[in-house]
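Next come the chains, spelled out residue by residue.
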Amino acid sequence: MLEKTLFETIALWAILGIAVLGLAYALFLRRQVMREDKGTEKMIAVWEAIKQGAEAYLNRQLRTILPLLAILTVALFFSVYIVPPSSEALERFPNITDPNTIKLIIGFGRAVAFILGAVFSLMVGQFGMRMAVQANVRVAAASRVGFDKALKIAYRAGTITGMLTDGLGLFGGTVIFLYFQKAAPDALLGFGFGGTLLALFMRVGGGIYTKAADVGADLVGKVEANIPEDDPRNAAVVADLVGDNVGDCAGMAADIFESYEVTIVSGLILGLALVAITGDVKWIIFPLIVRGIGVFASIIGTYQVKGRKGEERGNAMAAINRGFYTSAALCLVAFALVAHFYMKEWRAFFSVAAGIVLAILIDEVTKYFTHTHHTPVKEIAASSRTGTATLLLSGLSYGMESSVWSIMVIAGTISSAILIYLPFLHQGPQGVVYVLYGVAMTGIGMLTLTGNNVAMDSFGPIADNANGIGEMAGLDKKSRRIMADLDAVGNTTKAITKGVAIGSAVIAAVSLFGSFLTDVSKVQEPLVQSGVLEASKTLEATGIRVSMPIVLVGLLIGGAIPWLFSSLTLNAVSRAASLIVTEVRRQFRIPGLMQGKVKPDYKRAVGICTVAAQKELIGLALLAVLAPLIIGLVLQVEALGGFLAGVILSGQLLAVFMANTGGAWDNAKKLIEDGLYGGKGSECHKAAVVGDTVGDPLKDTSGPALNPMIKVINLVSLLAAPIIIQYRKPSPVLIAVVAVMVAIAVASIWYSKRHGNGSFLQAGKESRPDAESGAVRAGRKK
């Protein structure tokens, strides 16, 4: 057991209480939102269709992923039996002499923690999405009253998801640490892996669903039929509104939750490494206190997000920024007090403060490249005057530039962690642990304001859905204007939180990379002592050097993985969108539909998106899980280290590029829709719609899906590293295992590509007039 002072013991239980307080505050806000009016019968009818579609999708997704979760739970339980128990595990259970009994306890703890992480991630995604669905119709109804009320409902509904993220993440990490103490890393890895894997499922599935519906609805509705967005005659419009919830609410909430989890996991693992060096438990208590402060600060910041009563058109972005900066200021003051009176040193404070500064800088960089008030979006909109090609080229160039500035900000932040702990570097490998701890604290600080970040993200789809409900229910112009303003701001807040999520993914991945190095070194120590491994050949002695050909091979393959992953997700969206395009075109040919006399079949489009999104989940997850295992077992841990570095670098650059390019195209379209360059229906508008349609799967599917993918690969590497070290020499069993893994990975990719070709050919046949369905022909006869 770790020796703690009375203050530290009380602090740990207080942190647990704060986690419960965050969950209680979420319930309090839910009651507030649910008391609000849902509006007219027409609005409620549209809302019911959205609600049913979203719930049907999530229920089907859960049935799809449960078998894989069950298999991985069993695998994690037995993974501890392959290697001897760690010295920390032996110290945690000194009264147990049988190593197999200790393995049983640790294996059970890791499996339970995996389930806990997965369930918590699922709860954040599911409850957050259901709350967003409840809020959207109420925001639409509140827009008839005024801007202030609509803004408050939308933001506070998003805060519910933020508080769930804060509360469950802090609760899970603290409970695991309280029980396992020094052996906590063994279980915490399972907790982080469970949350990250669920986030990958929800992010990929939700992203494919939402963008298949969005792309299909826009291409046929806006470009071909020249009807407004969210026009009730468009069969894909309800699927589009459902997609906003399952993609941007459920998917993004689970994504940020797993980042929150993983930064806690990496912080506690590296904190325990420092406890082993210094004997002081403060290195573990500090990150938990920081997270507790963040919950309080987010609650206070919520009440700063408001407009003036009676105000018809307010500045929602300014109100949201006011809440964020209030929370950030409160955190900085509180962190300084904790650093001075508890840590008795300022390095930890500077590290978490650097994290908050990083979040603010990424906010500003993202805003600059995606907000309608700044030059990039204005220039992209202006380029529409010379056609679609120049608009696309302009967006691509700004997206590439934004990725450069984002990575420079992240590089500067990691460099600051090195400078903060520079005096310790002369201690050799132990000094590196201090630096890595500083990087982990940067991630902890960056996601301290998770409550605010998730609220900002959920605000976007809530406002978007409210705007769609207002369009379909035929609300008055004043209400529509309020909702359109909130929707435009929502696009920017979504882009900002994507930037924060990507930045936090990189920081968390770097921290996990550090944990990988320390864990491998610890596992190799007994092998050196027993004479099995030479001390000069350990990772601690050699490091991960690019000059080693095997490491360079790992680096190159790692850099390619995000591109393959993005290719498969984009292809999935394209396939599903082609089916939606075919379906919407078919329904537009039904007599009376375009005149408003016949209602479209919304359920058919919802069903197409639901089925299409599920087909890709298992294959993409297997790619992320199997890739590091194959590299590690074939090329060993040094190459696996290079592989991780390649994944982190390539994934960050690609994710930011895709997210900001898509966001800029989207807001350029909105600028034109507000009356610039001819407004809606003009040639400039058509060019902008194409740009927005191309950008949608970049910013809402492939880009964000790279965040959990990067962390799944890192966590699998951490879990597998001790096993890989045990099996350095090839054997028939090892060769057979690797061959099976390669076969499964190749089969997953082949299935995806094969399925894609068939879908496009079928869609092409069904789009031809002579291939009309029997229902259309019957409609023509009538």
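Summary of the structure given here. Please read all numbers here as calculations on a predicted model, not as lab measurements.

**Points about the overall build of the protein**
Link 1 in the chain: When you go through the protein residue by residue, the secondary structure sums to 22 helices and zero strands.
Link 2 in the chain: Its C-alpha radius of gyration of 26 Å places the protein within 12% of the 28 Å reference for a compact globule of 782 residues.
Link 3 in the chain: Each of the three principal axes of the protein carries a C-alpha extent, and together these read 85 × 60 × 45 Å.
Link 4 in the chain: Counting across all 782 residues of the protein, residues that qualify as buried make up 63%.

**A few points about the pattern of salt bridges**
Link 1 in the chain: Counting across every chain of the model gives 23 salt bridges.
Link 2 in the chain: A salt bridge links Asp 214 to Lys 211, with the shortest nitrogen-to-oxygen separation between them at 2.8 Å. Of this pair, Asp 214 and Lys 211 are both found in helix α6 (residues 184-224), three residues apart, which corresponds to roughly one turn of the helix.
Link 3 in the chain: Taking relative accessible area as the criterion, Asp 214 reaches 7% and is therefore assigned buried.
Link 4 in the chain: On the basis of relative accessibility, which here comes to 2%, the residue Lys 211 falls in the buried class.
Link 5 in the chain: When salt bridges with common partners are traced through the structure, they connect Lys 211, Asp 214, Asp 666, Lys 669, Lys 670, Asp 692, Asp 696, Lys 699 and Asp 700 into a single cluster.

**Some details on the packing of aromatic side chains**
For any two aromatic rings, the description comes down to two numbers: the centre-to-centre distance and the angle of the planes.
Link 1 in the chain: Applying the stated criterion to the full structure yields 18 aromatic pairs.
Link 2 in the chain: Geometrically, the ring pair formed by Trp 283 and Tyr 437 is edge-to-face, given 5.4 Å between the ring centres and 90° between the ring planes. Note that Trp 283 is positioned in helix α8 (residues 282-302) and Tyr 437 in helix α13 (residues 429-446), a separation of 154 residues in sequence.
Link 3 in the chain: In this structure Trp 283 comes out as buried when scored by relative accessible area, which is 5%.
Link 4 in the chain: Overall, Tyr 437 belongs to the buried group, its relative accessible area being 0%.
Link 5 in the chain: An angle of 45° between the planes, with centres 6.0 Å apart, marks the rings of Tyr 421 and Phe 424 as tilted. The pair Tyr 421 / Phe 424 is uniform in exposure class, with both members buried.
Link 6 in the chain: Three or more aromatic residues joined by ring pairs make a cluster, and in this case those are Trp 283, Tyr 421, Phe 424, Tyr 434 and Tyr 437.
Link 7 in the chain: A cation over an aromatic ring shows up here: Lys 282 above the ring of Trp 283, its NZ or CZ 5.2 Å from the ring centre.
Link 8 in the chain: The lysine or arginine in question, Arg 291, covers the ring of Tyr 260, its NZ or CZ lying 4.0 Å from the ring centre.

**Re the environment of Phe 28**
Link 1 in the chain: Inspection of the secondary structure puts Phe 28 in helix α1 (residues 6-34).
Link 2 in the chain: For Phe 28, a relative accessible area of 39% gives the class partly exposed.
Link 3 in the chain: As for Phe 28 and Ile 160, which are separated by 132 residues in sequence, their C-alpha atoms are 8.8 Å apart.

**Re the packing of α6 against helix α7 (residues 237-278)**
Link 1 in the chain: In the contact formed by α6 and α7, the axes pass within 7 Å of each other and the chain directions differ by 160°. Classed by the angle they form, the pair α6 and α7 counts as roughly antiparallel. The element α6 and its partner α7 pack so that their crossing is left-handed.
Link 2 in the chain: Residues that form the contact of α6 with α7 fall into these classes: 20 nonpolar, nine polar and seven charged.

**Let's talk about a nonpolar patch on the surface**
Link 1 in the chain: Together, Ile 418, Leu 419, Leu 422, Leu 425 and Val 432 give the surface a local cluster of nonpolar side chains, amounting to about 410 Å² of exposed area.
Link 2 in the chain: Its place among the elements puts Ile 418 in helix α12 (residues 388-420).

**As for the environment of Gln 181**
Link 1 in the chain: Locating Gln 181 in the fold gives a position in the loop between α5 (147-180) and α6.
Link 2 in the chain: Relative accessible area serves as the criterion here: at 2%, Gln 181 is assigned to the buried category.
Link 3 in the chain: Sequence-wise, Gln 181 and Val 689 are 508 residues apart; in three dimensions their C-alpha atoms are separated by 55 Å.

**A short note on the nonpolar core**
Link 1 in the chain: Judged by nonpolar contacts, the single largest core of 261 residues is most densely connected at Phe 193, Leu 197, Leu 486 and Met 709.
Link 2 in the chain: Among the elements that make up this core, the one with the highest residue count is helix α19 (residues 617-673) (30 residues).
Link 3 in the chain: Those residues in contact with Phe 193 that sit more than four places away from it in its chain are Leu 72, Leu 76, Phe 114, Val 625, Val 712, Leu 715, Val 716 and Leu 719.

**Here's the deal with helix α14 (residues 450-473)**
Link 1 in the chain: Under the 1.5 Å per step criterion, the end-to-end length of α14 is 34 Å for 24 residues, consistent within 8% with the ideal 34 Å.
Link 2 in the chain: Taking burial as the measure, the 24 residues of α14 include 23 buried ones, the bulk of the element.
Link 3 in the chain: Once α14 finishes, Gly 474 follows within two positions and takes phi at roughly 70°, a positive value.

**Notes on unusual backbone geometry**
Link 1 in the chain: A positive phi angle is found at Lys 344, which is not glycine, with a value near 60°.
Link 2 in the chain: As for its position among the elements, Lys 344 is in the loop between α9 (316-343) and α10 (347-370).
Link 3 in the chain: Phi at Tyr 677 takes a positive value of approximately 50°, unusual for a residue other than glycine.
Link 4 in the chain: With respect to the secondary-structure elements, Tyr 677 resides in the loop between α19 and α20 (683-726).

**Topic: the side chain of Thr 442**
Link 1 in the chain: On the secondary structure map, Thr 442 appears in helix α13.
Link 2 in the chain: Only 3.0 Å separates the side chain of Thr 442 from the backbone oxygen of Gly 438, close enough to count as a polar contact.
Link 3 in the chain: Beyond its immediate sequence surroundings of up to four residues, Thr 442 is in contact with Ser 351, Ala 354, Gly 355, Leu 358, Thr 413, Ala 417 and Ile 507.

**A short note on the packing of α10 against α19**
Link 1 in the chain: Two elements in contact, α10 and α19, have axes whose closest approach is 8 Å; the angle formed by their N-to-C orientations is 45°. Classed by the angle they form, the pair α10 and α19 counts as oblique. Contacts from Thr 366, Phe 369 and Thr 370 in α10 reach Asn 660, Gly 663, Ala 664 and Asn 667 in α19.
Link 2 in the chain: Split into classes, the residues belonging to the contact of α10 with α19 amount to two nonpolar, five polar and no charged.

**Quick look at the environment of Tyr 421**
Link 1 in the chain: Here Tyr 421 is to be found in the loop between α12 and α13.
Link 2 in the chain: Its relative accessible area of 0% is what places Tyr 421 among the buried residues.
Link 3 in the chain: Sequence separation of Tyr 421 and Gly 117 is 304 residues, and the distance between their C-alpha atoms is 32 Å.
Link 4 in the chain: Those residues in contact with Tyr 421 that lie beyond four places of it in its chain are Trp 283, Arg 347, Ala 348, Ser 351, Tyr 434, Val 435, Tyr 437 and Gly 438.

The rules behind each value
Along each chain, numbering runs from 1 in the same order as the chain's sequence is written. For this predicted model, a pLDDT threshold of at least 70 governs which residues receive local features, and a threshold of 80 or more governs which side-chain atom pairs are given and counted, while totals over whole chains, interfaces and linings are taken from all residues. Note that the side-chain values use all heavy atoms of the structure and ignore hydrogens as well as water. In this text, helices come from DSSP runs of H or I with a minimum length of four residues, and strands from runs of E with a minimum of two, each type numbered from the N-terminal end. Put simply, the radius of gyration uses C-alpha atoms, and a globule should come to 2.2 Å times the residue count raised to 0.38. Burial classes follow relative accessibility: with a 1.4 Å probe on protein chains only, a residue under 20% of its type's maximum area counts as buried, one over 50% as exposed, and anything between as partly exposed. Here a salt bridge means any side-chain nitrogen of Lys or Arg lying within 4 Å of a carboxyl oxygen belonging to Asp or Glu. Under the pairing criterion, centres of Phe, Tyr and Trp rings, with the six-membered ring standing for Trp, must be within 6.5 Å; the plane angle then separates stacked pairs below 30 degrees from edge-to-face pairs above 60, leaving the rest tilted. Criterion for a charge above a ring: Arg CZ or Lys NZ at most 6 Å from the ring centre, at most 35 degrees from the ring normal. For helices, the fitted axis covers only the stretch in contact; all axes are lines through C-alpha atoms, and the angles between them, taken along N-to-C directions, range from 0 to 180 degrees. Each angle is binned into one of four classes, with values under 35 degrees roughly parallel, values over 145 roughly antiparallel, values of 65 to 115 roughly perpendicular, and all other values oblique. Each crossing gets its handedness from the near helix: less than a right angle anticlockwise from the far helix is left-handed, clockwise is right-handed. For this classification, the nonpolar set comprises Ala, Val, Leu, Ile, Met, Phe, Trp, Tyr, Cys and Pro, the charged set comprises Asp, Glu, Lys and Arg, and every other residue, Gly included, is treated as polar. The patches reported here contain residues having more than 30% relative accessible area and no salt bridge. Joining distances are 9 Å for like charges and 5 Å for nonpolar side chains (Val, Leu, Ile, Met, Phe, Trp, Tyr). For accessible areas, the Shrake-Rupley method is used with a probe of radius 1.4 Å. Any residue's cover is judged against the shown protein chains and nothing else. Only buried residues count toward a nonpolar core. Its members are Ala, Val, Leu, Ile, Met, Phe, Trp, Tyr and Cys residues joined through side-chain atoms within 4.5 Å. Any pair of residues with heavy atoms lying within 4.5 Å of one another is described as a contacting pair. Helix span is expected to be 1.5 Å times the residue number reduced by one. Contacts described as polar in this section are N or O atom pairs within 3.5 Å, which, within protein, must combine one atom able to donate a hydrogen with one able to accept it, while residues neighboring in sequence count only if both atoms come from side chains.

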